[in-house]
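# Understanding the architecture of this molecule
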Amino acid sequence: MSDTPPLRGRQLLAIPGPTNIPDRILRAMDRPATDFNHPDFLSVQEGVFDGLRRIFRTEGEVYAYAASGRGAWEAAFVNTLSPGDRVLVPETGAFSLWWEELAGDLGLVPERMAGDWRHGPDPNAVEDRLRRDSAGEIKAVCLVHNETATGIASRVADIRGAIDAAGHGALYMIDTISSLASLPFEMDAWGVDVAVGGSQKGLMMPPGLGFVAAGPKAIRAAESAGLTRSYWEWKALRRRGGRLGFTSTSPVHLVYGLAEAIAMLEEEGLENVFARHRRLGGATRAAIAAWSGNGVGPELLALDPREHSDSVSTVLLPEGHDAEAVRQVTATRFNTLLGGGLRKLQGRAFRIAHMGDLNEGMLLGMLAVVEMALDLQGVPRAGGGVEAAMRALVGED
Ligand SMILES: *Cc1c(COP(=O)(O)O)cnc(C)c1O
């Protein structure tokens, strides 16, 4: 027998994916298996594809896979690009680097636009780089909308403006995995050609579904794209009768779950979902700003208020303090899971996710746990973090 008694109550999940799965979604998936060609199931599946187009805000196609988000990254590339194509990847944090590395693995030629992980890409710098590409070698600009490692929400519409100002024809590809159904995203209105999504973040679902939404320019690009593909091939996703489905067996239970998730999001109203994330994100930042005091304590990594993510906040610890030790205390003593620092932020930062099925009381619990863990680890901080979050939540700021 272990010396420490088991932890009780529901674990507080402050990791940026997978996020809390609402009981309604769990119940919707708690059912026997069924034939994935049964008409009753197919009508649910078709409803899900229609719902996804409303969530991506697109009149284009949404392709779905039984895959992680990375599978969807790969699907986006192999359906639209050819070996040796150059792709421009603004560096926003670890996920942008992993996406860039995946491009290289597939035989593309990634070009990184260096970033400092505390700011999103400058639209003017994107415009300058594209203007210099008079030969049109860059075939895609690949931007992570909400960089889950750094808590930076890049200015997708402004960067579209930069591509247009340069008169450049590259495909505009956006990773929306940790922004979809949490932050406003307007695929068609913002001129996005390809948007990649996943089930386990704002959609409140288990991991296991990856999405690629494609506009007309991307669908045309697929006609001549030369990268090798089979499982990911867009044409293979079209069922008899022309409706979209999955390659081979549908992940039936995930489809039932997603139908429920879309229903929940639309009952709340996407605008209200975004407003709730803004409220929770603002309260989290109020707490972090209070902890910082005059720069003695932990601070928010993202520096530009226009780019503060409302779904995840990355907290940088003062020099000499170990973020992993703080996470260890929240997990083992308070049954609360924080996200860790990724790549060069490993040990230097932790992440508080405020994404998906979450309310004020849950957030305040998470912030109070962080305060206790900081104190137990002897991390210097100013007081009043939870109080500042409470004031922000009742609109007294
Ligand atoms: C979580 C995440 C991914 C990766 O998704 P997996 O399902 O783990 O492959 C990619 N991009 C961003 C921005 C993410 O937050």
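Residues numbered from 1 in each chain as written. Predicted model: local features only at pLDDT ≥ 70, side-chain atom pairs only at ≥ 80, totals over all residues. Heavy atoms only, no water.

## A few points about the sheet that holds strand E13 (residues 336–340)
This is how it is decided: Any two strands between which DSSP finds at least two bridges are classified as paired. Helix numbering and strand numbering both begin at the N terminus, where a helix is a DSSP run of H or I of at least 4 residues and a strand a DSSP run of E of at least 2.
The strand order E1-E13-E14-E12-E11 describes an open sheet built from five strands, whose pairing is mixed. A strand with exactly one partner marks an edge of an open sheet, and here the two such strands are strand E1 (12–14) and strand E11 (299–300). Where E11 lies against strand E12 (residues 312–316), two bridges are found, and the strand directions are antiparallel. When the sheet's bridge partners are listed, Leu 300 is paired in E12 with Val 315.

## Quick look at helix H10 (residues 323–334)
We apply this condition: The length a helix should cover is 1.5 Å for every residue beyond the first. Throughout, a residue-residue contact means that at least one pair of heavy atoms, one from each residue, lies within 4.5 Å. Counted as a polar contact is a pair of N or O atoms within 3.5 Å, where, for protein atoms, one must be capable of donating a hydrogen and the other of accepting one, and residues adjacent in sequence contribute only when both atoms are in side chains.
The end-to-end C-alpha distance of H10 is 16 Å, a good match for the 16 Å that twelve residues give at a rise of 1.5 Å each. Taken together, the buried residues of H10 touch E13, strand E14 (349–353) and helix H11 (360–376). At the N-terminal boundary of H10, the capping side chain belongs to Asp 322, with an oxygen 2.9 Å from the backbone nitrogen of Glu 324. With its phi angle positive at about 55°, Asn 335 sits one or two positions after the end of H10.

## Remarks on the nonpolar core
For clarity, the threshold we go by: Residues grouped as a nonpolar core are buried Ala, Val, Leu, Ile, Met, Phe, Trp, Tyr and Cys residues, joined through side-chain atoms within 4.5 Å. Burial classes follow relative accessibility: with a 1.4 Å probe on protein chains only, a residue under 20% of its type's maximum area counts as buried, one over 50% as exposed, and anything between as partly exposed. An automatic or database domain assignment supplies the residue ranges for each domain.
Grouped together as the largest cluster of nonpolar side chains are 95 residues, with contacts concentrated most on Phe 77, Met 173 and Leu 258. Of all the elements, helix H8 (residues 252–268) adds the most residues to this core, at nine residues. Mapped onto the domain boundaries, this core takes at least three residues apiece from domain 1 (23–266) and domain 2 (269–393). If we ignore the near neighbours within four places in the chain, the residues touching Leu 258 are Val 48, Leu 52, Leu 203, Met 205, Leu 209 and Phe 211. By size, the runner-up hydrophobic cluster in this structure holds 30 residues, among which are Leu 280, Leu 338, Ala 373 and Ala 389.

## A closer look at the pairing of strand E5 (residues 138–144)
Of all seven residues in E5, six are buried, a share of seventy percent or more. Alignment of strand E3 (residues 86–90) against E5, held across three bridges, turns out to be parallel. Note on E5: the bridge partner recorded for Val 87 is Ala 140. In the sheet, E5 pairs with strand E8 (residues 171–175) via five bridges, with the strands oriented parallel.

## Section: the pattern of salt bridges
How we decide: Should a side-chain nitrogen of Lys or Arg be within 4 Å of a carboxyl oxygen of Asp or Glu, the pair is scored as a salt bridge.
Going through the model one piece at a time under the given rule, you end up with 28 salt bridges. Taking the shortest distance from any N to any O, the salt bridge between Asp 50 and Arg 243 comes out at 3.4 Å. Here the residue Asp 50 occupies a position in helix H2 (residues 39–56), and Arg 243 occupies one in the loop between helix H7 (216–224) and H8, the gap between them amounting to 193 residues. Note on Asp 50: relative accessible area 31%, which makes it partly exposed. Arg 238 is the salt-bridge partner of Glu 61, the closest N and O atoms lying 2.4 Å from each other. On the criterion of sequence distance, the pair formed by Glu 61 in strand E2 (residues 61–66) and Arg 238 in the loop between H7 and H8 is long-range, its members being 177 residues apart.

## Re helix H3 (residues 69–80)
When the terminal C-alpha atoms of H3 are compared, their 17 Å separation across twelve residues agrees well with the 16 Å that a helix rising 1.5 Å per residue should span. Counting buried residues in H3 gives ten out of twelve residues, a clear majority hidden from the surface. When we look at burial in H3, the residues that qualify are Gly 69, Gly 71, Ala 72, Trp 73, Ala 75, Ala 76, Phe 77, Val 78, Asn 79 and Thr 80.

## A look at the sheet that holds E2
Basically, it comes down to this: Here the axes come from fitting lines to C-alpha atoms, over the contacting stretch only for helices, and the angles between their N-to-C directions go from 0 to 180 degrees.
Pairing in this open sheet of seven strands is mixed, and the strands run E2-E10-E9-E8-E5-E3-E4 from one edge to the other. Edge positions in the sheet fall to E2 and strand E4 (109–113), since each has one partner strand and no second. Each neighbouring strand pair of the sheet contributes to a mean axis angle of 20°, computed without reference to strand direction. As defined by bridge partners, strand E9 (residues 194–198) adjoins strand E10 (residues 209–214) across five bridges and the pair is classed as antiparallel. Considered in E10, the bridge of Val 194 is made with Ala 214.

## Details of the site of the ligand
The condition that has to hold: A molecule or strand has a residue near it when one of that residue's heavy atoms lies within 4 Å. The Shrake-Rupley method, run with a 1.4 Å probe, gives the accessible areas here. Residue values count only the displayed protein chains as cover. Think of it as three bins: nonpolar holds Ala, Val, Leu, Ile, Met, Phe, Trp, Tyr, Cys and Pro, charged holds Asp, Glu, Lys and Arg, and polar takes everything else, Gly as well.
Neighbouring the ligand are 13 residues; Gly 69, Thr 148, Asp 175, Gln 200 and Lys 201 lie closest to it. Here Gln 200 contributes a side-chain N or O atom positioned 2.8 Å from an oxygen atom of the ligand. A distance of 2.6 Å separates an oxygen atom of the ligand from a polar side-chain atom of Lys 201. Relative to its free-state accessible area of 380 Å², the ligand is covered by the protein chains to the extent of 89%. Tallying contributions element by element places H3 first for the shell around the ligand, with three residues. Its residues placed into classes, the shell around the ligand shows four nonpolar, six polar and three charged.

## Focus on the pairing of E4
Basically, it comes down to this: Handedness rule for crossovers: strands pointing away from the viewer, path from the first strand over the helix to the second running clockwise, crossover right-handed.
Relative to E4, E3 is paired through five bridges, and the arrangement is parallel. Residue pairing in the sheet places Leu 88 in a bridge with Glu 111 of E4. This β-α-β element, E3 to helix H4 (residues 94–105) to E4, shows right-handed connectivity.

## Some details on the packing of H2 against H8
We apply this condition: Should an angle fall under 35 degrees it is called roughly parallel, over 145 degrees roughly antiparallel, and 65 to 115 degrees roughly perpendicular, with every other angle called oblique. If you view the pair so one helix is near and one far, a crossing is left-handed when the near helix is turned anticlockwise from the far one by less than a right angle, and right-handed when it is turned clockwise.
The geometry of H2 relative to H8 is characterised by a closest axis approach of 9 Å and an angle of 45° between their N-to-C directions. The angle between the axes of H2 and H8 places the two elements in the oblique class. Our pair here, H2 against H8, has a crossing hand that is left-handed. When H2 is examined against H8, the residues Phe 41, Val 44, Gln 45, Val 48, Gly 51, Leu 52, Arg 54 and Ile 55 are found in contact with a partner set consisting of Val 252, Val 255, Tyr 256, Leu 258, Ala 259, Ile 262, Leu 265 and Glu 266.

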